[in-house]
Amino acid sequence: MTQPITSQSITSQLIPSRPITSLLVANRGEIAVRIFRTARALGLETVAVHSDPDADALHVRTADAAVRLPGAAPADTYLRGDLIIKAALAAGADAVHPGYGFLSENAGFAREVEAAGLTWIGPSPEAIEAMASKTRAKELVRAAGVPLLEPVDPADATTADLPLLLKAAAGGGGRGMRVVRDLDTLKEALEGAVAEARSAFGDGEVFAEPYVERGRHVEVQVLADAHGTVWALGTRDCSLQRRHQKVIEEAPAPGLPESLRDTLHQAAVAAARAVSYRGAGTVEFLVTADGRPCFLEMNTRLQVEHPVTEAVFGLDLVALQLRIAEGAALPLSPPEPAGHAVEARLYAEDPAQDWRPQAGVLTTLEVPGAVRVDTGFADGDSVGVHYDPMLAKVVAHAPTRAEAVRILAHALARARIHGLTTNRELLVRSLRHPEFTAGQPDTGFYDRHLASLTEGAPDAGLAALAAALADAAPAPGAPLAARLGGWRNIRSQPQTRRYTAAGAAGAGTAYEVQYHPVDHPGVRVLAARPDLVTLEVDGIRRLFHVKQNSNRSEVYVDSVLGAHTLVPVPRFADPQERTEPGSLLAPMPGTVVRVAEGLGPGSPVTAGQPLLWLEAMKMEHRILAPASGTLTALHAVTGRQVEFGALLAVVQEEPHA
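Computed from a prediction, not measured in an experiment: that's the story for all the values here. (Residues numbered from 1 in each chain as written. Predicted model: local features only at pLDDT ≥ 70, side-chain atom pairs only at ≥ 80, totals over all residues. Heavy atoms only, no water.)

Trainee: Please provide a residue-by-residue account of the overall build of the protein, values included.
Mentor: If you tally the helices and strands in the protein, you get 17 helices and 38 strands. Taken over 657 residues, the protein has a buried fraction of 53%. Pairs at least 24 apart in sequence give 63% of the contacts found in the protein among residues at least 6 apart. Accessible surface computed for the protein: about 28300 Å², of which carbon and sulfur atoms make up 52%. (Helix = DSSP H or I, 4+ residues; strand = E, 2+ residues; numbered from the N terminus. Buried < 20%, exposed > 50% of the residue type's maximum accessible area, 1.4 Å probe, protein only. Contact = heavy atoms within 4.5 Å. Areas by Shrake-Rupley, 256 points an atom, 1.4 Å probe, with all protein chains shown as cover.)

Trainee: Can you tell me about the pattern of salt bridges, naming the residues and giving the values?
Mentor: Pairing between side chains of opposite charge can happen when their charged atoms approach one another. Under the definition given, this model contains 40 salt bridges. When the shortest N-O distance is used, the salt bridge between Arg524 and Glu536 registers 3.6 Å. One end of the pair, Arg524, is in strand 26 (residues 523-528); the other, Glu536, is in strand 27 (residues 532-537), and 12 residues separate them in sequence. (Salt bridge = Lys/Arg side-chain N within 4 Å of Asp/Glu carboxyl O.)

Trainee: Could you give an account of the sheet that holds strand 21 (residues 390-398), naming the residues involved and the relevant values?
Mentor: Reading across from one edge, 13-12-9-10-11-14-21-19 is the order of the eight strands in this open sheet, with antiparallel pairing throughout. In this open sheet, the two edge strands, each paired with only one partner strand, are strand 13 (293-299) and strand 19 (372-375). With strand direction ignored, the average angle separating the axes of adjacent strands in the sheet is 25°. The sheet contact formed by strand 19 and strand 21 spans four bridges and is antiparallel. The residue of strand 21 that forms the bridge with Val373 is Val394. Packed on one face of the sheet, helix 10 (residues 306-313) meets strand 9 (216-224), strand 10 (230-242), strand 11 (245-251), strand 14 (340-347), strand 19 and strand 21 and runs near 155° to strand 14. (Pairing = 2+ DSSP bridges. Axes fitted to C-alpha atoms, helices over the stretch in contact; angles between N-to-C directions.)

Trainee: Tell me about the packing of helix 2 (residues 29-41) against helix 11 (residues 317-325), and name the residues and values.
Mentor: To describe two helices that pack against each other, one gives the angle between their axes and the distance between the axes. Running from N to C, helix 2 and helix 11 point in directions that differ by 65°, and their axes come no closer than 9 Å. Overall, the two elements helix 2 and helix 11 adopt an arrangement that is roughly perpendicular. Crossing angle aside, the handedness with which helix 2 passes helix 11 is right-handed. Where helix 2 approaches helix 11, its residues Arg34, Ile35 and Thr38 are matched on the opposing element by Leu317, Val318, Ala319 and Leu322. Of the residues in the contact of helix 2 with helix 11, the class split is five nonpolar, one polar and one charged. (Parallel < 35°, antiparallel > 145°, perpendicular 65-115°, else oblique. Left-handed = near helix turned anticlockwise from the far one by under 90°. Nonpolar A, V, L, I, M, F, W, Y, C, P; charged D, E, K, R; others polar.)

Trainee: Could you give an account of helix 10, with specific residues and numbers?
Mentor: Here helix 10 lies mainly inside the structure; seven of its eight residues are buried. Every buried residue of helix 10 is accounted for by His306, Pro307, Val308, Thr309, Glu310, Val312 and Phe313. Directly beyond the C-terminal end of helix 10, a positive phi value near 65° is found at Gly314.

Below is the structure:
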């Protein structure tokens, strides 16, 4: 019987020829923290880089040393390869790991790292360059026999070609993507895709291909050394996406016939060999409803969703990246996979409001249970406006898919996440949706189900009662007078508290709680502390965990019945500033990247018409006309940064007949 290959035994077999002693991570957030974790385990010194807003970020606090990149915008900091190389040399690092995003797939940066005498943790600059353009990559893998979708020339597109998907040739993350279902909208969609691609990647090349309805996004993790060995480490399904960006991923991809898995593995290895690949990479495919695989692109870097593959194969992909970069050889075959893993990306965003990103202080992030949590934040950290709003990746691994999905949903449902609106409730509902639990996800899942997944917030009535009781409860050790003031053994007038609901669902709902400290209609108060209230509801004992933020402007109530953010309403409300009717205010800080062509004061507009586009937190957001009427003022200027609540435009609604 052969000895099983484990992550530890693989590491012991890899004898480095050019050892690394100190590693700089040219990135931020959770991926930097995750890479540092492995580096520490391998005995490496670690160096972080940071922008000014990230000066006290978790990845900076985690590293042995940190170097400032002056400025805030990525273009001035994490995208400045020259500053990063200078930082590595100054801090004594001998290797650079790019993580993902930013400069991770920049062949020029890889060359500059190597030219500076540093070890590049990734594929060769030539391999990155070959796969950098999706159009050129398709030509290359076609020659290697990899199946793909044939491109469509937008100038020659007919109704028979619809629907079409417009895609940026450079970059990823859903930027520059548009679905076209009507030829009349093709020109406008093409212009928008080109503009977004140019803004995001500095390259406006866009191509079109058939849009596959109900397709599945399936990818293969590859790992290759410099000695000719290429591993195909199973499949991942990443079909649940919003704005063409992944939300839930799993390994292995469920429900694929073995013949299709073999085809995907062979195609992925062929794509890697076509560019003499080295290190970790991912070959992405679209699998049509009838089971036909089509090459999408090759990501020449570590993927966000790599933890599910690590869980199933029992590997540390970052450790293997480092060993391969040192010149070591892989065993001829990878370990055997075991079980199933599912990952959910926890974002600071409001799915019910067009996935609007959130910024502010994350006061609490606690995820219970036997799950892996990769995060770049700790309690009290700020989520800024300059970067992606992902808070954490939560991963569950179990012997079966059903068990892994159940564990992940349970952990997320009981997580305590305070201070920001998040997609947590959407993730829980997605994981428990019958279409997902059946193991047949596809890329149209949120197109079909988003409305139902974001409606019907759990009633916050009991949460409001718990908040009121916690507020009235004396702190432990409080003077006798305070304890008697909160609790009396006699009947008295009911106390009143008022709250409004905040958060992703049910926002604005008002709750007035009238209660006696010792009872409430239909509910028995068993115990109450400032942080924990125990109620008996219809004979069932329930625990409500209560926490107020530092300035007491919000109350967070968590229980198995749901999580709620409540805003206490003062007895005497301050006068509110009023804005002119029809005013469009910036929903977040950002940069105006486009204004609708020909738009100006006096222009007629229709309800729902896009008037301008804001870019914030790596996403582009449309600002729509709130009603049909006339644009009476336009304050937004392309290229100008705006603060939250800034006046962008004013629409005078046309009178109703």
